[in-house]
Amino acid sequence: MNALLSASHIVKSFPVAGRGRQQVLFDVSASVDAGECLAVIGGSGSGKSTLTRIMLGLETADSGTVTYEGSPVVAGRGGRIAGSSEGFRALRHESGLVFQNPFASLDPRWAVFRSVAEPLVLAGGAGRGNVSRAELVEKVSKALRTAGLEPGDMLSRRPRELSGGQAQRVAIARAIVASPKVILADEPMSAIDVTVRVQILDALAAIRAERPDMALIIVSHDLGVVQHLADRILVLHNGHVVESGPVGAVLGHPQADYTRDLVAAASL
Ligand SMILES: Nc1ncnc2c1ncn2[C@@H]1O[C@H](COP(=O)(O)OP(=O)(O)OP(=O)(O)O)[C@@H](O)[C@H]1O
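Treat the numbers as computed from the prediction; the structure is a model and nothing was measured.

Parameters and conventions
- All chains use their own residue numbering, which begins from 1 and follows the written sequence.
- Only residues with pLDDT of 70 or above have their local features reported here, since the model is predicted, and side-chain atom pairs are shown and tallied only from 80 upward, although totals for entire chains, interfaces and linings are computed over all residues.
- At least two bridges found by DSSP between two strands are what make those strands a pair.
- Helix and strand definitions here come from DSSP, where helices need a minimum of 4 consecutive H or I residues and strands a minimum of 2 consecutive E residues; each element is numbered from the N-terminal end.
- Convention adopted: a line fitted to C-alpha atoms gives each axis, helices being fitted over their contacting stretch, and angles between N-to-C directions are expressed from 0 to 180 degrees.
- For classification purposes, angles smaller than 35 degrees are called roughly parallel, those larger than 145 roughly antiparallel, those between 65 and 115 roughly perpendicular, and all remaining angles oblique.
- Crossing handedness is defined as follows: a turn of the near helix away from the far one that is anticlockwise and smaller than a right angle gives a left-handed crossing, while the clockwise case is right-handed.
- Contact between two residues is assigned whenever their backbone-derived C-beta positions fall within 7 Å.
- Three classes are used: nonpolar for Ala, Val, Leu, Ile, Met, Phe, Trp, Tyr, Cys and Pro, charged for Asp, Glu, Lys and Arg, and polar for all others, with Gly counted as polar.
- Nearness between a residue and a molecule or strand is assessed with a C-beta atom placed from the backbone; a distance within 6 Å qualifies.
- Every C-beta atom is placed from the backbone, and the number of other C-beta atoms within 10 Å of a residue's own sets its class: buried at 20 or more, exposed at 12 or fewer, partly exposed in between.

Looking at this structure, I do not really get the pairing of strand β1 (residues 5–15). What am I missing?
Successive residues of a regular strand alternate their side chains across the two faces of the sheet. By the bridge criterion, eight bridges tie β1 to strand β2 (residues 21–32) in an arrangement that is antiparallel. The residue bridging Ser13 from the neighbouring strand is Gln23, located in β2. Connecting β1 to the antiparallel partner β2 that follows it, the hairpin turn spans five residues, and Gly18 within it adopts a positive phi of roughly 75°. In the sheet, β1 pairs with strand β4 (residues 63–68) via five bridges, with the strands oriented antiparallel. Note that in β4 the partner of Ser6 across the bridge is Thr67.

Pasting the structure below:
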């Protein structure tokens, strides 16, 4: 079976002031199947965000390819984003993004309802009269409930009236409302107070249970979270894949020294 989203031989460097370029990914390949959760782990600066951003078509590569449902997203000489390709356009419509800081992904002027409804409106539903306001409210409310929030007065709140944990669950609701086939969650818990992180974990677990065909790519430092959510792990170290495989095998019997150290430090 072909992977839903697949990156092959990705090379990426960034310019460094006065020092040429710094290579951050060295021939990295990764893929995720429909219904699967892939966790990308590794130390700070190992290239996790860069790799996953390239996979979602948010960043170019120096070389390598990314395909979504078999069509190019990033391809050609210079690893450009294939903006006009079917793969890129489909991925744009069928992916959801959750980042570390929920307040950065929510417009501070917008009520929760508008923020969560926007992907549906952009998809052409409400704006073209295909979806009634009542249907929009129903879909937004359902997405909020799946993310662990009671819609009620939440719908009219502005981001400043939300706690960090609530804001992240609103961001998750926004990411899932249009029923994406793939979600990227990049460190979704690390900016959230440790006492409410479990709510975010529960929200992601609930989404996986409710949408068994959706793929989830999670970037996390927290091996406890990874163990709980992921099917497969990719371990990056200094821009190289040092290990990948099923979660039980990688965490239970790590082969690479680097992974062994991570597992020992997390005292799983
Ligand atoms: N836009 C950019 N311009 C220049 N350098 C960048 C850029 N984005 C990332 N880098 C560099 O690329 C390397 C990998 O960064 P990346 O954010 O992918 O790592 P990461 O594993 O996600 O790290 P962290 O866990 O700290 O978020 C780092 O050295 C970073 O400084």
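Here the narrative resumes, following the displayed structure.
What is the right way to read the packing of helix α4 (residues 112–122) against helix α6 (residues 164–176) from this model?
Between two packed helices, both the angle of their axes relative to each other and the distance between the axes serve to describe the pair. Direction vectors running N to C along α4 and α6 enclose 30°, while the axes themselves pass 7 Å from each other. Taken together, α4 and α6 sit at an angle that is classed as roughly parallel. The hand of the α4/α6 crossing is right-handed. Each of Val112, Ser115, Val116 and Pro119 in α4 lies in contact with α6, whose residues at this interface are Val170, Ala173 and Arg174. Of the residues that constitute the contact of α4 with α6, the class distribution is five nonpolar, one polar and one charged.

Would you mind going over the site of the ligand with me for this structure?
What surrounds the ligand is the set Phe14, Val24, Gly42, Ser44, Gly45, Ser46, Gly47, Lys48, Ser49 and Thr50. The leading source of residues in the shell around the ligand is helix α1 (residues 48–55), at three residues.

Can you walk me through the sheet that holds strand β11 (residues 240–246) in this structure?
Read from one edge to the other, the open sheet built from six strands follows the order β7-β8-β9-β3-β10-β11, with strand pairing classed as mixed. One side of each edge strand has no neighbouring strand; the edge strands of this open sheet are β7 (95–98) and β11. In this sheet, neighbouring strand axes are inclined to one another by 15° on average, regardless of whether the strands run parallel or antiparallel. Across five bridges, strand β8 (residues 182–186) lies against strand β9 (residues 215–219) in parallel orientation. Bridge pairing in β9 links Ala185 to Ile218. Packing of α6 onto the sheet brings it into contact with β7 and β8, and relative to β7 it is tilted by some 170°.

Explain unusual backbone geometry to me, please; I cannot follow it from the model alone.
With the exception of glycine, most residues fall at negative phi, and the peptide bonds are largely trans. Unlike most non-glycine residues, His9 shows phi in positive territory, near 50°. With respect to the element layout, His9 can be found in strand β1. Assessed through the 14 C-beta atoms surrounding it within 10 Å, His9 is described here as partly exposed. Despite not being glycine, Asp27 shows a phi value in the positive range, around 55°. Residue position: Asp27 is located in strand β2. Residue Asp27 is classed as partly exposed on the basis of its 13 C-beta neighbours within 10 Å.

These figures come from the coordinates and say nothing about function on their own.
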